[in-house]
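If you want the building blocks of each chain, they are given just below.
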Amino acid sequence: MAVTAEEVLPPSLDSTSEPPPLFDGTTRLYTSYICPYAQRVWIARNYKGLQDKIKLVPIDLGNRPAWYKEKVYPENKVPSLEHNNKVTGESLDLIKYIDSHFEGPSLYPDDPNKRQFAEELLSYTYTFNRAVIFSLKGDSQNEINAAFDYLETALSKFNDGPFFLGQFSLVDIAFAPFIERFHPLLLDVKKCDITSGRPKLVSWIEEMNKIEAYKQTKRDPQELVDALKKRFMAN
Ligand SMILES: N[C@@H](CCC(=O)N[C@@H](CS)C(=O)NCC(=O)O)C(=O)O
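Residues numbered from 1 in each chain as written. Predicted model: local features only at pLDDT ≥ 70, side-chain atom pairs only at ≥ 80, totals over all residues.

Put simply, the test is: UniProt positions are given in the numbering used here, feature names are shortened, and annotations may be inferred rather than shown by experiment.
Under an unreviewed UniProt entry, the name given to the protein chain is glutathione transferase, and the organism recorded is Vitis vinifera. Per UniProt, the protein chain carries the Catalytic activity (unreviewed entry) text "RX + glutathione = an S-substituted glutathione + a halide anion + H(+)". Heading Sequence similarities (unreviewed entry) of the UniProt record for the protein chain holds this comment: "Belongs to the GST superfamily. Lambda family."

The structure is reproduced here in structure tokens:
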């Protein structure tokens, strides 16, 4: 399937749904349409043009089928990938796995400087996400500013393109679902526009929105904001 074709998304499976025929040789991405971690793997799969090779199996996380934990992935989280009779998880591992085990455009440049910077940025995703989430309930915007300044500086490192490593890579995929959520969330909760005074970030968001593999995974911003407020701001 060409990356530009709009994919018809399968409905989510819930506690009443039968499992798919597990370990029958089909490669499956267990996912949730609203989960940012699963979205990373979904974007990588789309970008590499693997829509026919990696089947999406969305799980209703609010009403999970028991077989998912029992037979598929004992951690009971999404994303997980069923491939070659094994199921593995962790989104950052999975985007690398998909890049190296499947055909399609490479998401990880060979240049050792870029690779080193990629690893730095991938480990920064944890700090970044924590800083934003923790700041939601506090009064200060210092952590938010520091986190987005870090990204703005990172975007200036390579000038052979608008992305973190210059050209589009798995680093952009790792950040995109979170920036998609944090941008409207911080506007709503903190009245803070993370793009203000950050021209590199503005251009990164614009360029990301041109990537079809990502566009097909985006959700309504209000739905994302509501879900995050419910999860992180309820008392
Ligand atoms: N570190 C994991 C995090 C995955 C994760 O937390 N997924 C959430 C949905 S967004 C989940 O499955 N939560 C269910 C649970 O924790 O029970 C990754 O990067 O893949």
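Focus on the site of the ligand
Condition: Only the C-beta atom, placed from the backbone, is used; a residue is near a molecule or strand if that atom lies within 6 Å of it. Nonpolar residues are Ala, Val, Leu, Ile, Met, Phe, Trp, Tyr, Cys and Pro. Charged residues are Asp, Glu, Lys and Arg, and all others, Gly as well, are polar.
Lining the immediate environment of the ligand, one finds Ser32, Cys35, Tyr37, Leu61, Asn76, Lys77, Val78, Pro79, Gly89, Glu90 and Ser91. A per-class count over the shell around the ligand returns 5 nonpolar, 4 polar and 2 charged.

Regarding the packing of helix H3 (residues 91–101) against helix H6 (residues 170–190)
Working note: a packed helix pair is described by the angle between its axes plus the distance between those axes. Selection criterion: Axis lines are fitted through C-alpha atoms, for helices just across the contact stretch, and the angle between N-to-C directions can take any value from 0 to 180 degrees. A helix here means a DSSP run of H or I that spans at least four residues, while a strand means a run of E at least two residues long, and both kinds are numbered starting from the N terminus. Crossing chirality is assigned from the near helix's rotation relative to the far helix, an anticlockwise turn below a right angle marking it left-handed and a clockwise turn marking it right-handed. For the purpose of contact definition, each residue receives a C-beta atom placed from its backbone, and two residues are in contact when these atoms lie within 7 Å.
Packing of H3 against H6 brings their axes to within 10 Å, and their N-to-C directions diverge by 145°. In terms of crossing hand, the pair formed by H3 and H6 is right-handed. Packed against H3, whose contacting residues are Leu92, Ile95, Lys96 and Asp99, the element H6 presents Leu170, Ile173 and Ala174 at the interface. Its residues placed into classes, the contact of H3 with H6 shows 5 nonpolar, no polar and 2 charged.

Structural notes on the UniProt feature "domain: GST C-terminal" (unreviewed entry) in the protein chain
UniProt annotation of "domain: GST C-terminal" (unreviewed entry) refers to residues 84–232 when read in the numbering used here. Structurally, residues 84–232 is divided into 64% helix and 3% strand, and its ends, taken at the C-alpha atoms, are 37 Å apart.

Brief notes about the UniProt feature "domain: GST N-terminal" (unreviewed entry) in the protein chain
Taking the UniProt record as the reference, the feature "domain: GST N-terminal" (unreviewed entry) is found at residues 25–106. End-to-end, the C-alpha atoms of residues 25–106 are 24 Å apart, and along that stretch the chain is 37% helix and 22% strand.

Observations concerning the environment of Cys192
Along the chain, Cys192 falls in the loop between H6 and helix H7 (199–208). Remark: the alpha-carbon pair of Cys192 and Ala174, spanning 18 residues in sequence, is separated by 22 Å. Discounting chain neighbours no more than four positions away, the residues touching Cys192 are Gln141, Ile144, Leu186 and Leu187.

Observations regarding the sheet that holds strand S1 (residues 27–31)
So the rule is basically this: Any two strands with at least two DSSP bridges between them are considered paired.
As summarised here, the arrangement of the 4 strands in space is S2-S1-S3-S4, forming an open sheet in which the pairing is mixed. Each of the sheet's edge strands pairs with one partner strand only, and the pair in question is strand S2 (54–58) and strand S4 (86–89). The sheet shows a mean angle of 20° between the axes of neighbouring strands, direction not considered. In this structure, S1 lies alongside S2, joined through 5 bridges in parallel fashion. Residue pairing for S2: Tyr30 is matched across the bridge by Val57. Along the sheet face, H3 touches strand S3 (80–83) and S4 and points at about 125° away from the line of S4.

Some details on the domain arrangement of the protein chain
How we decide: For the domains described, the bounds stem from an automatic or database domain assignment.
One can read the domain layout of the protein chain as domain 1 (27–101) and domain 2 (112–233). Between the C-alpha centres of domain 1 and domain 2 the distance comes to 22 Å. Each side of the interface is counted separately: domain 1 has 14 residues, and domain 2 has 14 residues. Secondary-structure elements contributing two or more residues to the side of domain 1 that touches domain 2 are helix H1 (36–47) and H3. Of all the elements, H1 adds the most residues to the side of domain 1 that touches domain 2, at 8 residues. For the side of domain 1 that touches domain 2, the class distribution of residues is 9 nonpolar, 2 polar and 3 charged.

Remarks on the pairing of S4
As defined by bridge partners, S3 adjoins S4 across 4 bridges and the pair is classed as antiparallel. From the neighbouring strand, Leu81 faces S4, where its bridge partner is Thr88. Between S3 and S4, which pair antiparallel one after the other, the connecting turn spans 2 residues, and Asn84 there sits at a positive phi close to 50°.

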